[in-house]
Each structure stands twice: as C-alpha cells, then as structure tokens.
Amino acid sequence: MSPVWSGGVAFSYFPASSVDGQYGMVTISADGTTVTTSDDFNQLQIQYNQVSPPNSPAQGAATTAYPSCPTANSTFVASTTLPPTPNEAACDCLESTLSCVFTPATSNYSAIVGELLDTACSFVGQQGGTCDDIAGNGQTGVYGPISGCDPTIKLSYVMSDFYQLSNRNPQSCSFAGNGTINPSAPSSVASANAAASSCIANPSATFIPSAPASTVGGTNTGASTSTTKGSNGAIRLIGDSNALLGMTAVTLVSIASAVWTLA
C-alpha cells in the first residue's frame with residue numbers, strides 16, 4: 001500500500017439534498033429508469049479514463065484472491081475493526097426516545113451542529129459524563145453505540161444526557177433556543193436507557209444494508225446527458241471495464257452523511 005494519498009474523493013454519485021444545496025453527479029428519474037449525468041460526472045469520467053489503476057485481481061480471473069489488510073504501522077494507522085453499519089431505522093427509533101431534541105433556530109443548522117456538540121459535550125463533562133457513546137476512533141477500532149447516527153441525532157443524544165444529568169431542569173435543554181423537551185420521551189433515566197437499548201440492540205453489528213424501495217432524484221445544474229440504466233442500475237463511470245477499481249474513489253453519501261465522527 002502506498003503511504004501517499006494522491007487524488008481526491010468525489011461527493012457524491014447519487015443525488016442528495018442538504019441545507020447547503022443539492023449534491024450528486026446524476027439525477028434519477030421519478031420512475032427510476034433513467035439516469036441523467038451532469039457535467040461533473042462527465043469531467044470525472046474523462047479524468048478516470050486517463051489513469052491506469054491497479055488491476056488485482058484481474059477481472060474474470062479463475063481464482064479470485066484478495067490481498068489481506070496491512071498491519072498497523074507508521075503509515076497505516078487504521079484499525080482492521082470495522083465500524084458498525086449505520087442503521088437509520090435504529091437511529092430514528094433512538095431519536096424518538098430522547099428527552100431533549102435538537103430543534104435548530106436556523107435553517108442552516110449544519111453550520112451550528114459542530115459548535116453545539118462541542119458545547120454539549122463540555123457541559124456533560126462538567127457533570128462527570130462523557131461523549132464516548134457518540135464517538136468513533138478509526139485508529140483504535142473503538143466505536144460508540146451512537147457513532148453511526150446522523151450528527152443531529154448525536155447532538156440530541158448529548159443534549160438529552162446533559163438534561164438528565166441536570167435533573168431535567170428545563171433550562172438545561174435550551175441550548176440558546178436550539179433544544180426542545182420531548183414530552184413523549186420516557187420520564188425516568190432508567191426508562192430512557194431501556195428504550196435506547198431496545199432501539200440500538202446490537203450497536204457493533206455490521207451488515208449489508210438493503211436498497212431503498214425507490215430513488216427519486218433532485219435537480220442538478222450544468223451540462224448533462226440522459227441514459228437508461230443497465231442491468232445493475234448504474235452508469236459506467238470508467239470506460240474500461242477492467243478499471244472499475246477507480247469507482248471506489250466515489251463516496252456514496254446518503255444521509256448526511258455524511259461523515260459521522262465527532263472531532
């Protein structure tokens with residue numbers, strides 16, 4: 001493995017919306033049969049076709065053998081322990097049980113989530129608690145049970161923790177007007193913990209997520225072309241079928257995803 005990272009990551013192939021705008025290199029028709037590529041897709045395709053990525057094992061090889069993960073060293077510090085697979089249903093279930101939920105006072109909430117997480121974790125620490133449940137460490141391979149949830153759910157979790165540690169003082173759920181007490185949440189700490197455990201029953205589980213029933217695309221700007229999807233439902237990004245490894249550089253982001261690690 002090369003110790004040098006050279007290149008970039010495309011964000012993202014599938015259409016995705018956030019408060020910051022529309023992302024994605026393609027738009028998928030409402031009936032799911034047609035993919036319209038954007039200029040970003042076409043430019044990335046051109047760049048991919050100009051390189052020759054590794055081809056091991058070769059496509060169609062009679063015996064497929066994959067290299068083993070390297071051991072940790074000074075240039076590869078990642079743990080071989082996989083993080084838990086994000087489970088949206090479990091995280092949504094958890095959010096419904098939290099006593100103090102994040103209700104942003106601004107539509108551009110992505111700009112304040114990080115700062116509020118820092119503040120909430122600081123308050124929890126002052127009360128003798130930690131934010132280990134929402135944290136993940138790719139170097140040690142230690143992941144909290146909530147580490148795979150959306151940042152907004154992580155924030156609600158920490159806000160609820162502080163609210164409980166403060167004896168459910170209503171002011172402790174304010175967070176400058178960005179928190180709201182959930183009247184449907186369990187009324188005791190024990191009940192809240194039991195409800196959370198039932199939602200995140202197996203926090204370290206890794207599995208292959210099932211595909212959504214349908215995907216409806218948003219609107220992209222720039223030049224584009226329409227293509228009917230092939231048997232696998234995707235457009236080839238690389239012209240040479242032997243160069244499919246380059247596709248791994250595309251990050252497929254669903255929820256906001258995004259990147260769900262507490263700094």
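Residues numbered from 1 in each chain as written. Predicted model: local features only at pLDDT ≥ 70, side-chain atom pairs only at ≥ 80, totals over all residues. Heavy atoms only, no water.

Engineer: Even after reading the chapter, I still don't get the state of the cysteines, so can you show me in this structure?
Structural biologist: By definition, a disulfide links two cysteine residues through a covalent bond between their sulfur atoms. Under the defined criterion, the tally for this structure stands at 4 disulfides. Between the sulfur atoms of Cys100 and its disulfide partner Cys173 the distance amounts to 2.0 Å. On the sign convention where negative is left-handed, the bridge of Cys100 and Cys173, at about 100° about the S-S bond, is right-handed. Of the two residues, Cys100 is situated in strand β6 (residues 100-102) and Cys173 in the loop between α4 (151-165) and β9 (179-181); the sequence distance between them amounts to 73 residues. Comparing Cys100 with Cys173, the two get one shared label, buried. Shown here is the disulfide that connects Cys121 with Cys131, its sulfur atoms set 2.0 Å apart. Taking the sign of the S-S torsion, about -110° here, the bridge from Cys121 to Cys131 comes out left-handed. Of this pair, Cys121 sits in helix α3 (residues 113-126) while Cys131 sits in the loop between α3 and β7 (136-137), and the two are 10 residues apart along the sequence. Each of the two residues, Cys121 as well as Cys131, counts as buried. (Disulfide = S-S within 2.5 Å. Helix = DSSP H or I, 4+ residues; strand = E, 2+ residues; numbered from the N terminus. Buried < 20%, exposed > 50% of the residue type's maximum accessible area, 1.4 Å probe, protein only.)

Engineer: Help me out: how do you make sense of the pairing of strand β5 (residues 34-38) in this one?
Structural biologist: In the case of a regular strand, side chains alternate between the two sheet surfaces. Sheet analysis places strand β4 (residues 26-28) next to β5, joined by 3 bridges and oriented antiparallel. For Ile28, the partnering residue across the bridge sits in β5 and is Val35. Counted between consecutive antiparallel strands, the loop separating β4 from β5 contains 5 residues, among which Gly32 sits at a positive phi close to 75°. (Pairing = 2+ DSSP bridges.)

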